[in-house]
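Reading the structure
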Amino acid sequence: MILGAPPLNPPAPLAVVEHVAALPAWVLLAYLASGVLFILALRGLSSPATSQRGNRQGMAGMGIAVVTTLLTQAPIPPGALLPEPTSQDLRVLFQILAAIALGGTIGIVTARRIAMTAMPQLVAAFHSLVGLAAVLVGWAAYLNPEAFGILAADGTIDPVSRVEMGLGIAIGAITFSGSVIAFLKLAGKMSGAPIMLPGRHVINLGTLAAILGLTAWFTQDEALWVIATLTALAFLIGFLLIIPIGGADMPVVVSMLNSYSGWAAAAMGFTLHNTAMIITGALVGSSGAILSYIMCRAMNRSFISVIAGGFGAEAGAIADGTKTDRPWKRGSAEDAAFLLEQAESVIIVPGYGMAVAQAQHVLREMGDQLKKQGVSVKYAIHPVAGRMPGHMNVLLAEANVPYDEVFELEDINSEFSQADIAFIIGANDVVNPAAKTDKSSPIYGMPVFDVGNAKTVMFIKRSMGGVGYAGVDNDVFYMDQTMMLLGDAKKMVEEIVKSLGH
């Protein structure tokens, strides 16, 4: 038996308080240190300038949590070896180490190979794994409650543990199936347009009510059919919730799924009586929920309206009727380079098109050349630019753009009226004035950059035929001071860089 840890097969359940009291003091301190490091990590990740430090603190906190859990729960941890370890002890230890090695290898290989432009779908994929892990842990606790110490005196699973188990499985299943759909949409393996099912709101509400009802029923009856039906419905509702959500709402969806994965982990932490999981899950869940609120506010949309789906359902409907007969001006890379060199201040607004073209490095090169010629260069980041929260910040950081040149919407929007050039690369909805002027527009009320106040607007996009994810034509295309630079974003900026100084 491991000294200072609960037995692997306790005959009766341990309440969480009793379980915590039974742990050695160093274990409680280690979990406390882990929680503090997670909080510091979240604080560090709130700013690009401290994000690397925040990542390191989060890694240190997770390392402490994993090692502490292994030392207290593994069959034969260092310093507390069994006098005569059985073959089963060795087999369990091997399985634990093999799982850690397998997961670590997959994580390292994936992180090294994945392109920064594919980060949103990678995040969605990782969320799905967290949700699936919660489901598997919940089912393991149901099938082998003795090992988890959740049996009541009458030999049934403790009712409180059933609530934790049911909620953990439900949230985890919703996270898994919802994240899979988000991954497919973000990776382009299925259409990013909303898929509207007839009567979807009634179906969703009915399914959610059934899940809550089955969770309550599970506290009274631990029959297999109850938890199996609960799991199946939770997988289904995750699919139904995300399938009608369009690409314009993907940043909110990624943030929301992040929150769900945290709550699933916290619920499983109660089942496992693991303080570190409870703390970590609560931090992830609450921070994800707060971020979702911030993203919704940045889009002037309620969380309920996002979940209801349908943003961008009429893609192109507004644009197609007006854009073909409106005059617009096309410019060349040489024209753009000449105007950029004459400017005193340039504000660059990146969007998802920059990410797709992987133009962040050459964009930074252009900015560096302009700064050498005495031009003030700043980058304006909209909260929902890209396909996940902070997508543009990550790409610019990868290109080594100085943090002090990157500004959020509320900090730089007033400066467009003094800017000589607003340089828009791959963005659309976040600079669309329809958000302020057209009450019939699906993006009406969303805060946007006032790029039209700049003396000159340069707009890089592939063609005039495309519109943003919201499906709304953009009046900025047709302004007198706008120069449209049509083509691949990376190639266009490369040509501008070659023309600078000539």
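About the thresholds
- Residues numbered from 1 in each chain as written.
- Predicted model: local features only at pLDDT ≥ 70, side-chain atom pairs only at ≥ 80, totals over all residues.
- Heavy atoms only, no water.
- Helix = DSSP H or I, 4+ residues; strand = E, 2+ residues; numbered from the N terminus.
- Buried < 20%, exposed > 50% of the residue type's maximum accessible area, 1.4 Å probe, protein only.
- Areas by Shrake-Rupley, 256 points an atom, 1.4 Å probe, with all protein chains shown as cover.
- Pairing = 2+ DSSP bridges.
- Salt bridge = Lys/Arg side-chain N within 4 Å of Asp/Glu carboxyl O.
- Axes fitted to C-alpha atoms, helices over the stretch in contact; angles between N-to-C directions.
- Phe/Tyr/Trp six-rings, centres within 6.5 Å; stacked < 30°, edge-to-face > 60°.
- Lys NZ or Arg CZ within 6 Å of the ring centre and 35° of its normal.
- Polar contact = N/O pair within 3.5 Å; in protein donor to acceptor, adjacent residues only side chain to side chain.
- Contact = heavy atoms within 4.5 Å.
- pLDDT = per-residue confidence, 0-100.
- Patch = residues over 30% accessible without salt bridge, like charges linked within 9 Å, V, L, I, M, F, W, Y side chains within 5 Å.
- Lys, Arg positive; Asp, Glu negative; His and termini not counted.
- Charge placed at Lys NZ, Arg CZ, Asp CG, Glu CD.
- Expected span 1.5 Å × (residues − 1).
- Arc of directions from axis to C-beta.

Bringing the overall build of the chain into the picture now. When you go through the chain residue by residue, the secondary structure sums to 20 helices and 6 strands. Taken over 502 residues, the chain has a buried fraction of 48%. Within the structure as shown, the chain displays about 22,900 Å² of accessible surface, and the carbon and sulfur contribution to it stands at 64%.

Buried residues dominate strand 4 (residues 421–425), accounting for 5 of its 5 residues. Every second residue of strand 4 is oriented toward a common face, with Ile-421, Phe-423 and Ile-425 on one face and Ala-422 and Ile-424 on the other, all of them buried. Two elements, strand 1 (residues 345–350) and strand 4, share 5 bridges in a ladder whose sense is parallel. Within strand 4, the residue paired with Val-349 across the bridge is Ile-424. Sheet topology note: the strand 4/strand 5 (residues 456–461) ladder contains 5 bridges and is parallel.

Now for the pattern of salt bridges. Inspection of every chain in the model, using the stated rule, returns 8 salt bridges. Residue Lys-371 is joined to Asp-368 by a salt bridge in which the shortest nitrogen-to-oxygen separation is 3.5 Å. Note that Lys-371 and Asp-368 are positioned in helix 16 (residues 360–372) at a spacing of 3 residues, about one turn of the helix. Put simply, Lys-436 and Asp-450 hold a salt bridge, and the shortest N to O gap is 2.5 Å.

The next subject is the sheet that holds strand 2 (residues 376–381). Spatial ordering of the open sheet is given by 3-2-1-4-5-6, a layout of 6 strands whose pairing is parallel. On the outer flanks of this sheet lie strand 3 (406–408) and strand 6 (482–486), each paired with one strand and no other. The mean angle between the axes of side-by-side strands here comes to 25°, regardless of whether they run parallel or antiparallel. By the bridge criterion, 3 bridges tie strand 2 to strand 3 in an arrangement that is parallel. Within the sheet, the bridge partner assigned to Ile-381 lies in strand 3 and is Glu-408.

Let us look at the packing of aromatic side chains. A full pass over the atoms with the stated rule returns 6 aromatic pairs. Taking the centre distance of 5.9 Å and the plane angle of 70° together, the rings of Phe-477 and Tyr-478 count as edge-to-face. Of the residues examined, Phe-477 reaches a relative accessible area of 1% and is grouped as buried. Members of the aromatic cluster, joined through ring pairs, are Trp-139, Tyr-142 and Phe-218. Positioned above the aromatic ring of Phe-407 is the side chain of Lys-378, whose terminal nitrogen or guanidinium carbon lies 5.2 Å from the ring centre.

Our next topic: the side chain of His-382. Assignment of secondary structure puts His-382 in the loop between strand 2 and helix 17 (391–398). Its relative accessible area of 2% is what places His-382 among the buried residues. A distance of 2.6 Å separates a polar side-chain atom of His-382 from the backbone oxygen of Pro-447. Setting aside residues up to four positions removed in sequence, His-382 forms contacts with Ala-298, Leu-409, Val-430, Pro-447, Val-448 and Phe-449.

What follows is about the confidence of the model for the chain. Confidence in the prediction of the chain, expressed as mean pLDDT, is 82, and 86% of residues score 70 or more. Within the model, the stretch residues 311–324 combines pLDDT values under 50 with 32 contacts to residues more than four positions away or in other chains.

In this section: a negative patch on the surface. A cluster of like negative charges, contributed by Glu-334, Asp-335, Glu-365, Glu-494 and Glu-495, occupies part of the molecular surface. Where the negative patch is concerned, the elements lending two or more residues are helix 14 (333–342) and helix 20 (489–499). As for its position among the elements, Asp-335 is in helix 14. Since its relative accessible area comes to 38%, Asp-335 is described here as partly exposed.

On to helix 16, then. Taking 1.5 Å per residue as the helical rise, helix 16 with its 13 residues ought to reach 18 Å, and the 19 Å between its terminal C-alpha atoms agrees with that figure. Taken together, the buried positions of helix 16 are occupied by Gln-360, Val-362, Leu-363, Met-366, Gly-367 and Leu-370. Angular distribution of buried residues about the axis of helix 16 spans 165°; they occupy a single face of the element. Phi for Gly-374, located one or two positions after helix 16, is positive at around 85°.

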